[in-house]
Amino acid sequence: MTKSLLIDLSKCTGCRSCTVACKSWNKLEPRIENRNQDEIRKAVEKAKGTDKFSDNEFTYIHEKDIRNFYKRQCMHCDDPQCVKNCPTHAIVKYDNGAVVVDKEKCEGVGLCAQVCPFGVPVMGEDKKPVKCTLCYDRITQNPVLEPACVKACPSKALKFGDIDEMKQYASKYKYVYGGGVNDSYNSSVIYASNIPFEEIDFKVAEVHNIANVLDAIKHPVGVLSILGGAALVGLKIYGDRKKKVQEGEK
Ligand code: SF4
Ligand code: SF4
Ligand code: SF4
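Residues numbered from 1 in each chain as written. Chains lettered and ligands numbered in written order. Predicted model: local features only at pLDDT ≥ 70, side-chain atom pairs only at ≥ 80, totals over all residues. Heavy atoms only, no water.

## Considering the site of ligand 2
Then comes step 1: What surrounds ligand 2 is a group of 13 residues, the closest being Cys74, Met75, Cys77, Cys82 and Cys116.
Then comes step 2: Classifying every residue of the shell around ligand 2 by side-chain character gives ten nonpolar, two polar and one charged. (Near = heavy atom within 4 Å. Nonpolar A, V, L, I, M, F, W, Y, C, P; charged D, E, K, R; others polar.)

## Concerning helix 1 (residues 17-26)
Turn by turn, an α-helix covers 3.6 residues, leaving residues three or four places apart pointing in a common direction.
Then comes step 1: With seven of ten residues buried, helix 1 lies mostly within the body of the structure.
Then comes step 2: Those residues of helix 1 lying buried are Cys18, Thr19, Val20, Ala21, Cys22, Lys23 and Asn26.
Then comes step 3: The first or second residue beyond helix 1 is lysine 27, which carries a positive phi of 55°. (Buried < 20%, exposed > 50% of the residue type's maximum accessible area, 1.4 Å probe, protein only. Helix = DSSP H or I, 4+ residues; strand = E, 2+ residues; numbered from the N terminus.)

## Digging into the nonpolar core
Then comes step 1: Judged by nonpolar contacts, the single largest core of 36 residues is most densely connected at Leu5, Leu158 and Tyr191.
Then comes step 2: Among the elements of the structure, strand 1 (3-8), helix 1, strand 2 (60-63), strand 3 (69-72), helix 6 (148-152), strand 8 (158-162) and strand 10 (189-193) are those that each provide at least two residues to this core.
Then comes step 3: Within the second largest apolar cluster, ten residues are counted, among which are Leu6, Ile163, Ala170 and Ile190. (Core = buried A, V, L, I, M, F, W, Y, C linked by side-chain atoms within 4.5 Å.)

## Considerations on the packing of aromatic side chains
Then comes step 1: Tallied over the full model, the rule gives twelve aromatic pairs.
Then comes step 2: The interplanar angle of 80° and the centroid separation of 5.1 Å between the aromatic rings of phenylalanine 118 and tyrosine 185 together place this pair among those described as edge-to-face. In this pair, phenylalanine 118 sits in the loop between helix 4 (111-115) and strand 6 (122-123) while tyrosine 185 sits in the loop between strand 9 (175-177) and strand 10, placing the two residues 67 residues apart along the sequence.
Then comes step 3: Measuring from ring centre to ring centre gives 6.2 Å for tyrosine 177 and tyrosine 185, while their planes differ by 5°; the resulting arrangement is stacked.
Then comes step 4: Aromatic rings pair up to connect Tyr70, Phe118, Tyr177, Tyr185, Tyr191, Phe197 and Phe202 into one cluster.
Then comes step 5: Looking at arginine 138, its charged tip hangs above the ring of tryptophan 25, at a distance of 4.5 Å from the centre.
Then comes step 6: Here the guanidinium or amino end of lysine 172 rests over the ring plane of tyrosine 169, the centre of that ring lying 4.2 Å away. (Phe/Tyr/Trp six-rings, centres within 6.5 Å; stacked < 30°, edge-to-face > 60°. Lys NZ or Arg CZ within 6 Å of the ring centre and 35° of its normal.)

## Some thoughts on the sheet that holds strand 8
Backbone-to-backbone hydrogen bonds pair the strands of a sheet. The strands run either parallel or antiparallel.
Then comes step 1: Reading across the sheet, the four strands line up as 8-1-10-9 and stay open at both edges, with mixed pairing between neighbours. The sheet is open, and its two borders are formed by strand 8 and strand 9, each paired with just one other strand. Pairwise comparison of adjacent strand axes, ignoring direction, gives a mean angle of 20° for this sheet.
Then comes step 2: Direction of pairing for strand 1 relative to strand 8: antiparallel, over a ladder of five bridges. Along strand 8, the bridge assignment pairs leucine 5 with phenylalanine 160.
Then comes step 3: Packing of helix 7 (residues 163-170) onto the sheet brings it into contact with strand 1, strand 8, strand 9 and strand 10, and relative to strand 8 it is tilted by some 130°. (Pairing = 2+ DSSP bridges. Axes fitted to C-alpha atoms, helices over the stretch in contact; angles between N-to-C directions. Contact = heavy atoms within 4.5 Å.)

## Observations regarding the site of ligand 3
Then comes step 1: Around ligand 3, 13 residues are found, and the nearest of them are Cys22, Asn26, Cys132, Cys135 and Cys149.
Then comes step 2: Those elements giving two or more residues to the shell around ligand 3 turn out to be helix 1 and helix 6.
Then comes step 3: Here the residues of the shell around ligand 3 are counted per class, giving eight nonpolar, four polar and one charged.

## A few points about the pairing of strand 10
Then comes step 1: The buried fraction of strand 10 is high, at five of five residues.
Then comes step 2: Where burial is concerned, the two faces of strand 10 agree: the one with Val189, Tyr191 and Ser193 and the one with Ile190 and Ala192 are both buried.
Then comes step 3: Examined bridge by bridge, strand 9 and strand 10 share three bridges and lie antiparallel to one another. When the bridges of strand 10 are listed, tyrosine 177 appears paired with tyrosine 191.

## Here we look at the pattern of salt bridges
Then comes step 1: Counted by the stated rule, this structure contains seven salt bridges.
Then comes step 2: Between glutamate 57 and lysine 23 there is a salt bridge whose closest N-O contact spans 2.6 Å. Here glutamate 57 is found in the loop between helix 2 (37-48) and strand 2, whereas its partner lysine 23 is found in helix 1, with 34 residues between them in sequence.
Then comes step 3: Given a relative accessible area of 9%, glutamate 57 falls into the buried group.
Then comes step 4: Note on lysine 23: relative accessible area 4%, which makes it buried. (Salt bridge = Lys/Arg side-chain N within 4 Å of Asp/Glu carboxyl O.)

As structure tokens, this is what we get:
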């Protein structure tokens with residue numbers, strides 16, 4: 001059964017316990033294990049201060065102003081552009097809903113980061129994309145562990161469960177985005193709100209991010225970096241295939 005992470009914006013207080021828990025579970029910087037109280041306080045402050053995705057931020061609170069904010073993370077789309085456009089099939093959409101990068105297969109081309117309609121993946125220091133995994137390593141355990149951010153949320157603004165159950169929960173709200181509810185975007189992450197999304201600067205799927213890639217192709221640097229990367233991957237795949245054929249002929 002496909003799972004879903006629901007974000008109930010009417011309950012979110014912006015406390016950022018979720019972002020800290022995400023860092024802790026995924027061992028991202030600033031790490032907060034094995035530190036004294038003062039170091040933990042400083043680390044939490046640093047963790048709170050971010051407002052963009054990075055290889056240390058799989059999720060963050062986008063704050064339009066002191067009253068209007070929301071948790072951002074990968075939407076775990078049903079038909080993910082990142083999966084469709086990866087030349088090495090290094091990103092997989094699993095039946096449980098999670099969209100996960102296999103770093104072993106990734107060749108660092110970076111198309112996923114260019115085509116994501118929500119601007120989610122970022123290329124890490126190792127030139128591999130990083131993003132929220134829907135806590136794949138927790139939700140595939142038996143018994144299932146809910147995502148770290150969900151577990152940490154003191155206001156119960158985050159919920160995790162079967163997608164039908166989450167859709168049912170969301171149906172009580174005036175504004176819903178995700179899960180295909182009310183013909184909105186199809187994804188495993190669902191936002192439910194009582195105030196219009198425009199009021200919180202909510203980022204809906206933007207097709208123009210794909211156009212940006214095409215635009216980049218018009219520029220020599222963009223062409224070289226994107227096509228150069230793709231060409232290298234193509235050559236590697238061709239080389240690997242050729243080797244296999246030769247081995248088969250022996
Ligand atoms: S932990 Fe819950 S209440 Fe706090 S910011 Fe995250 S989603 Fe909002
Ligand atoms: S939000 Fe972006 S990175 Fe996440 S699944 Fe969708 S296309 Fe991929
Ligand atoms: S689901 Fe896991 S990886 Fe994604 S934001 Fe929550 S804690 Fe981080």
